[in-house]
Protein chains: 2
Amino acid sequence: MGVDRTSLKTGALVRQACRSGEFTGQTSGLAPGFAQANLVILPQAEARQFQEFCEKNPKPCPLLEVTKPGDPCLHQLAEAADLRTDLPRYRVWQRGELVDEPTEITSLWQEDLVAFLIGCSFTFEAALIEADLSVRHIDQGTNVPMYRTTIPCESAGMFSGPLVVSMRPFKPADAIRAVQITGRFPAVHGAPVHLGFPEQLGIHDLSAPDYGDAVAVESDELPVFWACGVTPQAVLMQAKPDFAITHSPGCMFVSDLKDKDLASL
Amino acid sequence: MGVDRTSLKTGALVRQACRSGEFTGQTSGLAPGFAQANLVILPQAEARQFQEFCEKNPKPCPLLEVTKPGDPCLHQLAEAADLRTDLPRYRVWQRGELVDEPTEITSLWQEDLVAFLIGCSFTFEAALIEADLSVRHIDQGTNVPMYRTTIPCESAGMFSGPLVVSMRPFKPADAIRAVQITGRFPAVHGAPVHLGFPEQLGIHDLSAPDYGDAVAVESDELPVFWACGVTPQAVLMQAKPDFAITHSPGCMFVSDLKDKDLASL
């Protein structure tokens with residue numbers, strides 16, 4: 001059932017390998033240059049509130065596409081993509097509890113389900129690397145460190161909770177370039193939300209992230225913080241809706257859009 | 001001889017008042033929305049080296065227009081502007097010594113003189129204020145604090161010396177916006193060159209600027225540093241060319257260009 005990861009060079013090839021069941025792993029590094037996205041699926045009633053939450057909090061929850069109720073297909077991010085089969089692995093939630101982690105969700109699909117595709121920082125990290133900046137956690141081969149802050153998101157209906165941020169350390173001149181580069185990508189979290197004073201975000205120990213892995217911040221570096229796509233997932237888990245489906249961590253939807261297409265001019 | 005400053009609403013009106021001798025003061029705050037520029041005039045031999053210096057150091061020395069040898073008129077920054085009369089006040093230098101501070105330089109004009117118009121931070125400060133950021137030295141009604149750094153410019157012929165920077169303190173989220181806003185204005189110094197660690201620039205006491213006036217940096221603020229148009233003036237004074245003319249401090253050339261015209265897309 002294995003598939004050669006290096007052969008999955010485009011979003012369409014990744015999705016095909018997911019659909020056929022050949023590929024069920026993490027998508028980081030697959031289809032270089034193609035934008036990946038977070039997935040959240042909710043019944044229509046909760047979906048309305050969740051959409052409002054995302055629209056009120058565009059930095060952590062940049063919406064790339066929202067499907068019509070009951071339609072499992074995408075029309076903007078990819079052609080002929082079926083969200084029921086085209087991700088490597090899903091998580092199924094009932095009242096905030098993880099109940100299954102299947103590789104396709106065809107039998108779970110309902111006529112009132114709405115899918116949200118949310119921008120992912122892989123896109124801006126590719127742009128940082130293309131600009132010759134080094135991204136510490138990528139150099140280390142670990143997950144980006146993420147922290148729950150004391151900054152509340154704007155709430156909407158049942159959805160509320162703190163902003164979650166990711167952190168990448170940079171020397172000052174590189175931090176300035178990182179602001180300029182990621183600011184061109186508002187659809188994938190955009191410019192940082194903070195740099196320099198973690199305690200202003202309620203973060204008291206950078207070496208103890210709430211998610212992901214710690215990285216060193218050298219004495220000549222600034223910790224730079226971006227709004228993180230884990231925010232909507234954390235908010236969803238806190239709201240405990242009756243039913244929800246998300247992608248499994250690291251097992252993203254890989255689109256037909258190029259990372260470059262997400263840059264503003 | 002007085003003129004009502006508030007009547008000088010455009011670059012053309014300022015230049016006309018300078019030309020008639022009615023206005024000989026500082027230009028800060030005049031003709032809101034019109035870009036102002038630093039002036040350096042040199043004989044052709046030194047001018048070639050100075051142009052190379054500016055081209056090698058575009059952040060401190062962003063060239064807006066360079067005149068043809070002997071031509072005292074501008075063709076890009078303003079229509080029908082005569083650099084011999086259209087600034088409020090000039091400084092005349094011989095071998096690095098200030099020898100005169102006249103209000104027009106008609107009798108000093110020579111067939112081999114070349115004028116350099118260099119972008120000025122007034123333009124990006126207007127953009128910061130328009131974005132509702134407060135700029136400390138403007139709020140205080142003082143000059144921006146400026147510091148000689150230990151960062152050398154790229155030298156060219158007789159011209160060399162350290163980068164001079166201006167400093168404006170901001171809270172982190174505002175510092176990020178200031179990077180994004182000023183990054184859109186590469187013709188007027190562009191994005192900051194540094195933020196956060198003055199000692200990395202060889203600045204050991206922010207309260208003792210080399211030029212301008214000190215401002216407070218609060219404990220929840222980052223000092224943000226931009227390449228400064230005083231750099232080419234300091235380099236010029238250090239090179240001690242036989243003959244040079246500059247604008248008198250604060251008495252800038254006011255152009256027909258709008259600040260907005262200097263924004264990149």
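Structure's up top.
Note that the structure is a prediction, hence the values are computed from the model and not measured. (Residues numbered from 1 in each chain as written. Chains lettered and ligands numbered in written order. Predicted model: local features only at pLDDT ≥ 70, side-chain atom pairs only at ≥ 80, totals over all residues. Heavy atoms only, no water.)

Draft legend 1. Fine view of the packing of helix H3 (residues 122–130) of chain A against helix H5 (residues 172–183) of chain A. Residue and element names in this part refer to chain A. At their nearest, the axes of H3 and H5 sit 9 Å apart, and the two run at 130° to each other. The orientation of H3 relative to H5 falls into the category oblique. Here H3 runs over H5; the crossing is right-handed. Each of Phe 124, Ala 127 and Leu 128 in H3 lies in contact with H5, whose residues at this interface are Ala 178, Ile 181 and Thr 182. Its residues assigned to classes, the contact of H3 with H5 comprises five nonpolar, one polar and no charged. (Axes fitted to C-alpha atoms, helices over the stretch in contact; angles between N-to-C directions. Helix = DSSP H or I, 4+ residues; strand = E, 2+ residues; numbered from the N terminus. Parallel < 35°, antiparallel > 145°, perpendicular 65-115°, else oblique. Left-handed = near helix turned anticlockwise from the far one by under 90°. Contact = heavy atoms within 4.5 Å. Nonpolar A, V, L, I, M, F, W, Y, C, P; charged D, E, K, R; others polar.)

Draft legend 2. How the structure looks around the relation of the copies chain A and chain B. Overlay of chain A on chain B (RMSD 0.0 Å): rotation 180°, translation along the axis 0.0 Å. Taken together, the rotation and translation describe the operation of a two-fold axis. (Least-squares fit on C-alpha atoms with pLDDT ≥ 70 in both.)

Draft legend 3. Focus on unusual backbone geometry. All names here are of chain B. Positive phi is not limited to glycine here, since Ala 80 has a value of about 55°. With respect to the helices and strands, the residue Ala 80 is situated in the loop between strand S3 (73–74) and strand S4 (81–82). Positive phi, normally seen in glycine, also occurs at His 189, with a value near 85°. Following the sequence through the fold, His 189 ends up in the loop between helix H5 (172–183) and strand S10 (194–195).

Draft legend 4. Main features of the interface of chain A and chain B. Each partner contributes to the interface: chain A provides 18 residues, whereas chain B provides 18 residues. Summed over both partners, the interface of chain A with chain B comes to about 1400 Å²; 74% of that surface belongs to carbon and sulfur atoms. On the chain A side of the interface with chain B, the three residues burying the most area are Ile176(A), Leu195(A) and Phe197(A), jointly 35% of the side's total. Connecting chain A to chain B are zero salt bridges. At the boundary of chain A and chain B, one finds two residue pairs in polar contact (both at pLDDT 80 or more). Elements that contribute at least two residues to the side of chain A that touches chain B include exactly H5 and strand S10 (194–195) of chain A. With six residues, H5(A) is the largest single contributor of residues to the side of chain A that touches chain B. (Buried area = accessible area lost by both parts, 1.4 Å probe. Salt bridge = Lys/Arg side-chain N within 4 Å of Asp/Glu carboxyl O. Polar contact = N/O pair within 3.5 Å; in protein donor to acceptor, adjacent residues only side chain to side chain.)

Draft legend 5. Structural detail: the side chain of His137(B). Residues and elements named next belong to chain B. In this structure, His 137 sits in helix H4 (residues 136–140). His 137 gets classed as buried once you look at its relative accessible area, which sits at 6%. Among the polar contacts made by the side chain of His 137, one reaches the side chain of Glu 125 at a distance of 3.1 Å. Setting aside chain neighbours within four positions, we find His 137 in contact with Glu 125, Thr 142, Asn 143, Val 144, Pro 145, Arg 168 and Val 215. (Buried < 20%, exposed > 50% of the residue type's maximum accessible area, 1.4 Å probe, protein only.)

That's the geometry; what it means functionally is another story.
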